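A structural walkthrough
Each chain is listed here by its residues.
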2 protein chains.
Amino acid sequence: MQVWIEFASTYSYVAVERVEPLAREAGVTLEWRPFLLGPIFRDQGWNDSPFNLYPRKGAYMWRDMQRLCARHGLAFRKPSQFPRSGLTAARIALAMADDPRCGDFVRAVYRANFAEDRDIANWDVLVALLRDMGWDPDPIVERASSGAIREALKKQNARAVQLGLFGAPSFVADGELFWGQDRLEDAIAWAADGPPAGLRA
Amino acid sequence: MQVWIEFASTYSYVAVERVEPLAREAGVTLEWRPFLLGPIFRDQGWNDSPFNLYPRKGAYMWRDMQRLCARHGLAFRKPSQFPRSGLTAARIALAMADDPRCGDFVRAVYRANFAEDRDIANWDVLVALLRDMGWDPDPIVERASSGAIREALKKQNARAVQLGLFGAPSFVADGELFWGQDRLEDAIAWAADGPPAGLRA
């Protein structure tokens, strides 16, 4: 199952913390798909997060995040800055996409942003995260900074648009799109067993 | 628990079909709160449903509705017109708010709109629904057309704004706002038992 994440996205934090145990239990393999919502939002005429553009929705979202994190036992602190650019983290995650440690990096970035209020747009913060996990950051940073990864991220975003993505997290299971961490269980069930009975041809 | 519904809202259909058995089981009493999203959307700069303004989101929503209805065993047909004005139905529902049959009327309207593709903006359609349920439509229509109900609906909408509502369905349990049919179970649990352990002061 493809897991499409934007590091600025609040609900993606809850999803990335929950997805691996659920997938393992269902025998579903995960493919991390970091992408950027900024260009997709700009296409819709938004120059900021909808949670900032629509303050009522934003106020609700922070309370909802607090409730969701409490329910799932996740640490949560409202970041002092929102949204933080996920570009650099997306480049690193893309550079690590085939590395089995990619999920660990992804979760570390979300925790830094949404539990520790650290500036994940900053290379130094991301390098510190890599180091904290006991990895040599140099080859990862070098690859993440390369033109190849820059190009790959552009292609990834083009693919996101092609798939009809408009928010994060999103999941794609056998070509079927699911949006939102609330659909995580449904997406995994689809990836494991195909469409439910009521939707089979 | 307050159940805030807009008759044009797709996901409200799923919620109104599910809410009564869940509430009964939890010992939670329901208060129907019909309101109008139009004025609230216009305040945000939208002159149409966000599902029409943002076509990617709209395309996804119709597929998601199909999946949700299949899962919950609900009939579903994509309406040939969307959104349909919920104004008249909201006036009738408000006129019936203290009537124990209000839930039956509410469900009949949603089924007409989202399972039978009937024009719920039309008085005749709504009168036919009332008649189909074996009720005398005349006193209900008279009350629903009155200035008192017109005023009451304005006040209801002002209250919705005050509560921070920005979409439908929404649920308010002891002052706590929940948005979306995906939060129905959480709202009922809150209404029955108060905040979960992790959120108690």
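Here is what the cut-offs are and how they apply
- Residues numbered from 1 in each chain as written.
- Chains lettered and ligands numbered in written order.
- Predicted model: local features only at pLDDT ≥ 70, side-chain atom pairs only at ≥ 80, totals over all residues.
- Heavy atoms only, no water.
- Pairing = 2+ DSSP bridges.
- Helix = DSSP H or I, 4+ residues; strand = E, 2+ residues; numbered from the N terminus.
- Axes fitted to C-alpha atoms, helices over the stretch in contact; angles between N-to-C directions.
- Contact = heavy atoms within 4.5 Å.
- pLDDT = per-residue confidence, 0-100.
- Buried area = accessible area lost by both parts, 1.4 Å probe.
- Salt bridge = Lys/Arg side-chain N within 4 Å of Asp/Glu carboxyl O.

Remarks on the sheet that holds strand 1 (residues 2-5) of chain B
Residues and elements named next belong to chain B. Spatial strand order, 2-1-3-4: four strands in an open sheet with mixed pairing. Both edges of this open sheet fall to strand 2 (31-34) and strand 4 (176-179), since each of them pairs with a single strand only. The average undirected angle you get between the axes of adjacent strands in this sheet is 20°. Where strand 3 (residues 170-173) lies against strand 4, four bridges are found, and the strand directions are antiparallel. Counted as the bridge partner of S170 is W179 from strand 4. Contacts between helix 6 (residues 102-114) and the sheet are confined to strand 1 and strand 2, with strand 2 contributing the most and set at about 45° to the helix.

With respect to the confidence of the model for chain A
Taken as a whole, chain A shows an average pLDDT of 96; of its residues, 100% reach a score of 70 or greater. The ipTM for the predicted assembly is 0.94, set against a pTM of 0.95.

Let's talk about the sheet that holds strand 2 (residues 31-34) of chain A
The strands that make up a sheet pair up through hydrogen bonds in the backbone, lying either parallel or antiparallel. Residue and element names in this part refer to chain A. One open sheet accounts for four strands, arranged 2-1-3-4; its pairing is mixed. Here the strands that pair on one side only, and so sit at the sheet edges, are strand 2 and strand 4 (176-179). Direction aside, neighbouring strands of the sheet carry axes that sit 20° apart on average. Taken strand by strand, helix 6 (residues 102-114) contacts strand 1 (2-5) and strand 2, and its axis lies near 45° from that of strand 2.

Re the interface of chain B and chain A
At the junction of the two partners, chain B supplies 30 residues and chain A supplies 30 residues. Counting the surface lost from both chain B and chain A, the interface buries some 2,800 Å², and carbon and sulfur atoms represent 51% of this. Taken as a group, R56, Y60 and R183 of chain B account for 26% of the area that chain B buries against chain A, more than any other trio of residues on that side. If you look at where chain B meets chain A, you find 12 salt bridges.

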